[in-house]
Amino acid sequence: PLPPLRRPPRRRARQRPGRPTPPTLPAGHSAMALLGDVRSFRNGRLEFGEAAAATAACRDQGDNASPERPSLEQLVSSQAFLVISVGNCPQCEELAAFLGARDVPLEVYVKWDKGANEYPALKEALTTHAGDVFSFPQVFADGVYQGGFKEVMEKADAGAFDDLFEREFGLEPATLRRWVERKPMVVFSLPNCPQCDSLREDLQRRGVPTQDVFIKLDKAQPEYAAFKAQLQKLTGREKFSFPQTFVQAVYQGDYGEVFAKAEKGEYTVVFSEAYGIEPAAAAAVEAQNEPPPAGAISFDDDF
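I will try to describe carefully the structure that is included in this document. (Residues numbered from 1 in each chain as written. Predicted model: local features only at pLDDT ≥ 70, side-chain atom pairs only at ≥ 80, totals over all residues. Heavy atoms only, no water.)

Another point: the overall build of the protein. Assigned secondary structure in the protein consists of 13 helices and eleven strands. For the protein, contacts bridging at least 24 residues in sequence account for 68% of all contacts bridging at least 6. (Helix = DSSP H or I, 4+ residues; strand = E, 2+ residues; numbered from the N terminus. Contact = heavy atoms within 4.5 Å.)

Next up, the structure:
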């Protein structure tokens, strides 16, 4: 007779070195479900796989649920990036769509059930970070509280999580590329940069709204290293000086190159279409300008 068939042992998921194992959902667990089992995101709502069935079963057990529940601190320490959401939360869905467009995986989400027995305790624990009055979603990154919907959207759009997303999820940082693609002209500058100030003054004389064009990077900010790497890729140059300019998402060069192109009238059409600057006015400014002295250009000491 043939030997009985044996089910092969289940393979254990690989765990990232140095990171605590996320809390599991044992039999009899309460109504709190981790979104690590999420399979898809459809019609603006997070959909569950095995976690949904487990959650429903746990809800039916009521007071017989296991006392072993993941605490807020366990959740925060288990993931490098954690988004806590609840049901019927438009801002949760909007943040999910925003991060999903950047390919952030769905396992970063944990959805709390307001009807679960442990919800009051979890909410109370969250007040130590968010304050007595808050709304969802609430976000933590590398164990540090980041804020609610508005704060996190602003930080994500500003590239504050670029390094984390690359490290944890292998996502290529693209904040600077998105900035460049949004506007007809973008100039990246630094504080205390003489040639940046000179280019700003020149563009102002031409009628360009420089407050909408210049983006000042700051070497003192933690995201500067990621921005520097992105700028090197966008320009195709390992070493360069500031300012760095893009017109219609196309790299234009450093200060001297951009000044020369402006003097030749290469930006006349763009300035007219994007900012309503008449060609005659631009030509009058070109006639008054003189080439910048070479000594006026200083280089960022990082490059």
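That was the structure; now back to the text.
Now for helix 4 (residues 119-130). The terminal C-alpha atoms of helix 4, which comprises twelve residues, lie 16 Å apart, in line with the 16 Å expected from a rise of 1.5 Å per residue. Within the span of helix 4, buried status applies to Tyr-119, Leu-122, Leu-126, Thr-127 and Ala-130. Buried residues of helix 4, seen end-on, are gathered within an arc of 155° and therefore sit on one face of the element. The outward face of helix 4, more than 90 degrees from its buried face, is lined by the exposed residues Pro-120, Ala-121, Glu-124 and Thr-128. Phi turns positive one or two residues past the end of helix 4, at Gly-131, with a value near 95°. (Expected span 1.5 Å × (residues − 1). Buried < 20%, exposed > 50% of the residue type's maximum accessible area, 1.4 Å probe, protein only. Arc of directions from axis to C-beta.)

On to the sheet that holds strand 11 (residues 250-253), then. In spatial order, the strands read 9-8-10-11; together these four strands make up an open sheet with mixed pairing. Either end of the sheet is taken by a strand with one partner, and the two such strands are strand 9 (214-216) and strand 11. Going from strand to strand, the sheet's axes swing by 25° on average, the running direction of each strand aside. Across the face of the sheet, helix 10 (residues 224-235) comes into contact with strand 8 (185-189), strand 10 (244-247) and strand 11 while running at roughly 55° to strand 10. (Pairing = 2+ DSSP bridges. Axes fitted to C-alpha atoms, helices over the stretch in contact; angles between N-to-C directions.)

Let's shift gears to the pairing of strand 5 (residues 109-112). Here strand 4 (residues 81-86) runs beside strand 5; their pairing, made up of four bridges, is parallel. Directly across from Val-86, in strand 5, lies its bridge partner Trp-112. As for the winding sense of the linkage, the β-α-β connection from strand 4 through helix 3 (residues 90-100) to strand 5 is right-handed. (Right-handed = clockwise from strand over helix to strand, strands pointing away.)

This part covers the pairing of strand 11. Here strand 10 pairs with strand 11 via three bridges, running antiparallel. Across the sheet, the residue bridging to Val-247 is Val-250, located in strand 11. Between the end of strand 10 and the start of strand 11, which pair antiparallel, lie two residues, with Gln-248 showing a positive phi angle near 50°.

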